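So you can see what is in the structure, the chains are spelled out below.
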Amino acid sequence: MEDNLQHEDLLIKLRGKLNEEKIKLWEPPYLGADDLFTQSFQELAKKYASDLSLDEHLVLTALHELQLRSMERVKANEEFKDTGLATFRIKVTIPKEKPKMLKIQKTLDVPGSDLLNAVAAEIGVAESRLKLISNGKLVKSNMTLNEQNVKNGTQLMALVLDASPDEVKKEDNLYIEMKTTRDDATMLSEYVSQLADYDEYMKLEDQSGKAVELPPAEKKSLLVGLALHERGRAAIKQKDYSLALVLLLEADRQFNECRSSLLQTVDNWGVLQLDIAWCYAGLRSVAAAADAARRLAAAERALRDTYGPDQRRLLELKGNAANERVLLMRLYLLQGIVAFHQNRRADAKDLLEKAEAELNNLRVDESAVSRLMELGWSRAQARVGLRGASGDPDRAHLQLAARADQREQHRRDRRLRLQRTCSDGSALDGELVRQLEAQGFARPLAAMALRHNNNDLQAALRDLTSLREHPQLLFEMLDQVVDSDSDSPSEPDNKLIAELEGMGYSGEMVRRALRAGHNELHAALDLLLAGHAGRAGHAGHAGHAATSESRVSGEEEGGNPSTSTAETSRTKLKQEWERKKECDRALERLSSAIRGDEDDYLDTSLMEEEQYLAEYKSLL
């Protein structure tokens, strides 16, 4: 790796001198016939070797490499002008192998899949294992190259995922998860404006803890972006930079669906740009230097907008900015690396010195880390805690404990908002709800029965199995649940009453369901449909008999329309209820994908940063 960097360093220096002196290696007197070095070419190599204090043969070979590349570009441009065939240079990164460079030709009106197929065939891998990146974006299969701004002479990055059996299984699962993440958020976005429980889970807060309101479409994009970002960060921790880059670029596409004013209020987008640039560094992708520079400039603006000048806003909110300076250290380090590859050596030196100063301030005493780990904190938590407490382990322990208490209180408050409480004021036990769901009872009905019986599982089960014989029990449970909720509306919404009555449900049952469902249409429908399912679903083959009985009971039972139109509406609503159950599962999957520890992204062992610093400082 060090040899590659030294060779790249030589090419950078030579390019700089050639540009400065306006020398064109692809033209006479430097270009000769029959691949022979001209006198002028050899004299140039000798001069540059003296200027750079390097071996003359080494400089001659490097200049010849630059000359060949220049000639290839000239030839490719002429061929494109004559035939329309564009030439692409593609750097292929294969796990555990040395990177290789390919030259592929295609017209610009072909879909991206044509280029993907050509690269896959050239290197002998399945197309499904290959991702192409151009100008910081994934090449899409169903769009033409021209539509994706892939031009003649573009250098692309090809990422090939590890093909060992274990890795294939892992990566297949991850791509399934990536698709599932998008599908889950799309599904939830259709409901989030109507369902308070989803909205509670999908809240976004700025640095001050103030809620940021979003329209459903942007909320969906942000949710997908956050989940993919976390999956990408997990891949970075495994040093699987190819996989991480694919995930992070997709996360970036999702974030870009949100308005810029939103991205200025949170640091997620800026951190994402840093992580993408970090992947470029991990992949040693010199060709991505321009995209990395653009992303690092965007990250710098985003962090400044979020934290304020000199982190003043952050200091006002949190009292210190020690951990957030991890982001600044990485920013300076990556900017220094990019400056080096762009032959801005003075800038690179200054930036690397700034990164080193920040890094030294972030070091923590390993004995203090061990001491905190003995108290039950993880290594990452210990490092974050010590940096926030200026290295004092006692103060770090107190601050970590206080943060943990705050988070637990926040979780408890959210659970109370989501679940309300039982009749005796205790919180609903979610595990008991899941146990009843596993026995075939609808979630809303299971939750209502447990609240009615103060989390007594056996009593709730008796009530649920008794609903068919004693339908009035549903009225009693609804009334008691409403009485236990201090914030239940005193009067149901008349428009919602009319809508549900128009579907054939009785007025009294509608009013009770709306009050128990806090005047939310879908919540009330859950209760009405779940109540019917609870009475009919557990009668075995007698489910049809239960329907007939409901038609005789009519107004007394109140939950089952009798007209054919109402039956059609109820069938449609039951399908919606099933879809909401799938939304519940989608929400659970998305919640697990987004980090639980909000400071996790601020932790680093500093080992990789130290390695990069040592490598690039040695070249300067």
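For every chain, the first residue of the written sequence is number 1, and numbering continues from 1 onward in sequence order. In view of the model being predicted, local features appear only for residues whose pLDDT reaches at least 70, and side-chain atom pairs are presented and counted only at 80 or more, with totals across whole chains, interfaces and linings using the full set of residues. Only hydrogens and water are removed before side-chain values are computed, so all heavy atoms of the structure are retained for them.

- The name that an unreviewed UniProt entry assigns to the protein chain is NEDD8 ultimate buster 1, with the source organism given as Papilio xuthus.

Remarks on the sheet that holds strand β2 (residues 100-107)
Strands belonging to one sheet form pairs held by backbone hydrogen bonds; the direction of such a pair is parallel or antiparallel.
Inference 1: What the 5 strands build is an open sheet, ordered β2-β1-β5-β3-β4; its pairing is mixed. If you trace the sheet from one side to the other, it starts and ends with β2 and β4 (137-138), each paired once.
Inference 2: Any two strands with at least two DSSP-identified bridges between them are counted as paired. Secondary structure elements are taken from DSSP: a helix is a run of H or I of four residues or more, a strand is a run of E of two residues or more, and numbering for both begins at the N terminus. With 2 bridges joining them, strand β3 (residues 130-134) and β4 adopt antiparallel strand pairing. Residue pairing in the sheet places Ile-133 in a bridge with Leu-138 of β4.
Inference 3: This element, helix α4 (residues 112-123), spans β1 (85-93), β2, β3 and β5 (155-160) of the sheet and lies at about 140° to β2. Contacts are assigned to residue pairs that have any heavy atoms within 4.5 Å of one another. Every axis in this analysis is a line fitted to C-alpha atoms, fitted for helices over the stretch in contact. Angles between the N-to-C directions lie between 0 and 180 degrees.

Considerations on the packing of aromatic side chains
Inference 1: Aromatic pairing here means that ring centres of Phe, Tyr or Trp (its six-membered ring) are within 6.5 Å. Orientation follows from the plane angle: under 30 degrees is stacked, over 60 is edge-to-face, and everything else is tilted. All chains considered together, the criterion is met by 3 aromatic pairs.
Inference 2: For the pair Phe-37 and Phe-41, a centre-to-centre distance of 5.1 Å together with 10° between the ring planes defines the contact as stacked.
Inference 3: On the numbers, 5.3 Å between centres and 90° between planes, the contact of Trp-278 with Tyr-612 is edge-to-face. One end of the pair, Trp-278, is in helix α10 (residues 268-282); the other, Tyr-612, is in helix α27 (residues 607-619), with 334 residues separating them in the sequence.
Inference 4: Judged by relative accessible area, which is 1%, Trp-278 ranks as buried.
Inference 5: We count a charge as sitting over a ring when the NZ of a lysine or the CZ of an arginine lies within 6 Å of the ring centre and within 35 degrees of the ring normal. Its guanidinium or amino end placed over the ring of Trp-278, Arg-330 lies 3.8 Å from that ring's centre, counting from NZ or CZ. Three exposure classes are used, based on accessible area relative to the maximum for each residue type with a 1.4 Å probe and protein chains only: buried under 20%, partly exposed in between, and exposed over 50%.

Section: the packing of α10 against helix α13 (residues 325-341)
Inference 1: Across the interface, α10 lies against α13 with an axial gap of 10 Å and an inter-helix angle of 45°. The orientation of α10 with respect to α13, classified from their angle, is oblique. Where α10 crosses over α13, the handedness of that crossing is left-handed. Residues Val-271, Leu-274, Asp-275, Ala-277, Trp-278 and Ala-281 of α10 lie in contact with α13, whose contacting residues are Leu-327, Arg-330, Leu-331, Leu-333 and Leu-334.
Inference 2: Following the grouping adopted for this structure description, the nonpolar residues are Ala, Val, Leu, Ile, Met, Phe, Trp, Tyr, Cys and Pro, the charged ones are Asp, Glu, Lys and Arg, and the polar ones are all others, Gly among them. Residues belonging to the contact of α10 with α13 are distributed by class as follows: 9 nonpolar, no polar and 2 charged. Any angle that falls under 35 degrees is termed roughly parallel, while one over 145 is termed roughly antiparallel, one within 65 to 115 roughly perpendicular, and all others oblique. With the far helix as reference, a near helix turned anticlockwise by less than a right angle produces a left-handed crossing, and one turned clockwise produces a right-handed crossing.

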